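# Overview (structure and organization)
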Amino acid sequence: MTANTNHIMFYVFPTAQDIARFVSAQIHQLIVERDRLVLGLATGSTMKPVYAQFINEYQRHHPNLQHVHCFNLDEYIGLPAEHPQTYAAYMQEYLYTHMPFVQEQLYLPCGKDWPSQEECLGFSKQIQALGGIDLQLLGIGTNGHIGFNEPGTSFDQQTHVVALSEQTRRDNSRFFADKKEMPTHAVTLGLKDILGAKSIFLLATGEQKAQIMGQLQRGPVTEELPASILKKHPDTAILVDEAAAQELDPAQCKEGTVLLEKIEIY
Ligand code: GLP
């Protein structure tokens with residue numbers, strides 16, 4: 001396959017906090033403008049400043065949230081429901097306990113018991129039944145995974161069970177007090193589901209993401225780098241801070257401050 005960078009633009013922001021301000025403002029704008037809004041949400045350390053900023057804005061302006069639906073990307077398989085490192089627990093801690101959402105607005109793939117193929121596809125179908133995802137937030141693994149779609153995953157897959165790569169298990173074991181608890185498998189929205197989102201923001205912050213960002217910008221669309229499929233998506237923006245931008249070609253980037261200047265909400 002050949003490189004195709006027509007559709008995605010890399011925006012470089014001074015800091016992760018600037019990215020959080022921009023993304024939070026975009027979500028608030030959609031909340032105000034739309035009659036129904038379907039959000040695709042991610043977890044991980046990258047998203048924490050985004051959700052903190054979003055809560056902050058919510059507490060100042062209290063927009064109506066009754067028409068908002070939130071779908072999560074992925075979940076570990078095999079952790080007990082009460083384990084603090086489930087992504088369900090993450091969403092509660094960093095977003096949902098601070099907002100007046102009701103349970104019916106929140107959708108998380110269930111990894112407590114090994115989900116059947118039918119249950120996995122049911123999750124993709126729930127998204128379709130609501131008209132698809134309007135805005136999908138993505139982080140990225142150091143190996144280029146999005147959601148938990150590891151290198152080698154078919155671009156055509158919907159929600160499915162994955163075996164986590166050694167690199168991902170090493171990276172994510174930093175969140176587990178006892179490293180032996182780090183799961184071996186997860187359930188994730190597939191690349192086909194993600195590509196179905198109308199708009200996508202992929203966020204990458206910190207120098208540990210610099211190398212994969214360089215590869216993503218320079219390289220071809222290939223299943224070996226799952227995030228590269230975003231080059232085929234009609235409305236994706238890659239938002240990076242300066243630390244993650246170190247290996248990007250500046251000639252192929254725009255300044256994120258241009259986007260910050262356009263924020264008009266409230
Ligand atoms: C994790 C999650 C992704 C997340 C990514 C980046 O493994 N499955 O959904 O976006 O990797 O994580 P972090 O933001 O902690 O670097």
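Cut-offs and rules
Residues numbered from 1 in each chain as written. Predicted model: local features only at pLDDT ≥ 70, side-chain atom pairs only at ≥ 80, totals over all residues. Heavy atoms only, no water. Near = heavy atom within 4 Å. Areas by Shrake-Rupley, 256 points an atom, 1.4 Å probe, with all protein chains shown as cover. Nonpolar A, V, L, I, M, F, W, Y, C, P; charged D, E, K, R; others polar. Pairing = 2+ DSSP bridges. Helix = DSSP H or I, 4+ residues; strand = E, 2+ residues; numbered from the N terminus. Axes fitted to C-alpha atoms, helices over the stretch in contact; angles between N-to-C directions. Core = buried A, V, L, I, M, F, W, Y, C linked by side-chain atoms within 4.5 Å. Buried < 20%, exposed > 50% of the residue type's maximum accessible area, 1.4 Å probe, protein only. Contact = heavy atoms within 4.5 Å.

### Examining the site of the ligand
If you check the shell around the ligand, you find 16 residues, and the closest are Ser45, Thr46, Asp74, Asn172 and Lys209. When the ligand sits alone it has 390 Å² of accessible area, and the protein chains cover 96% of it. Of the residues assigned to the shell around the ligand, the class counts are 5 nonpolar, 8 polar and 3 charged.

### Observations concerning the sheet that holds strand S7 (residues 160-163)
To summarise the sheet geometry, strands pair through backbone hydrogen bonds and adopt either a parallel or an antiparallel arrangement. Strand order in this open sheet of 3 strands is S4-S8-S7, and the pairing throughout is antiparallel. The sheet is open, and its two borders are formed by strand S4 (74-76) and S7, each paired with just one other strand. Pairs of neighbouring strands in the sheet enclose a mean axial angle of 25°, with direction left out of account. Strand direction decides the pairing type here: S7 and strand S8 (residues 185-188), joined by 4 bridges, are antiparallel. Each bridged residue has a counterpart across the sheet, and for Val161 the counterpart in S8 is Val187.

### Observations concerning the nonpolar core
Val23, Leu137, Met213 and Leu239 are the most contacted members of the largest nonpolar core, which totals 73 residues. By residue number, the principal contributor to this core is helix H1 (residues 16-33), which donates 7 residues. Once residues within four sequence positions are removed from consideration, Leu239 is found in contact with Tyr11, Phe13, Ile19, Phe22, Val23, Phe201, Leu202, Leu203, Ala204 and Leu259. In this structure, Tyr76, Phe148, Leu164 and Ala186 belong to the second largest nonpolar core, which totals 9 residues.

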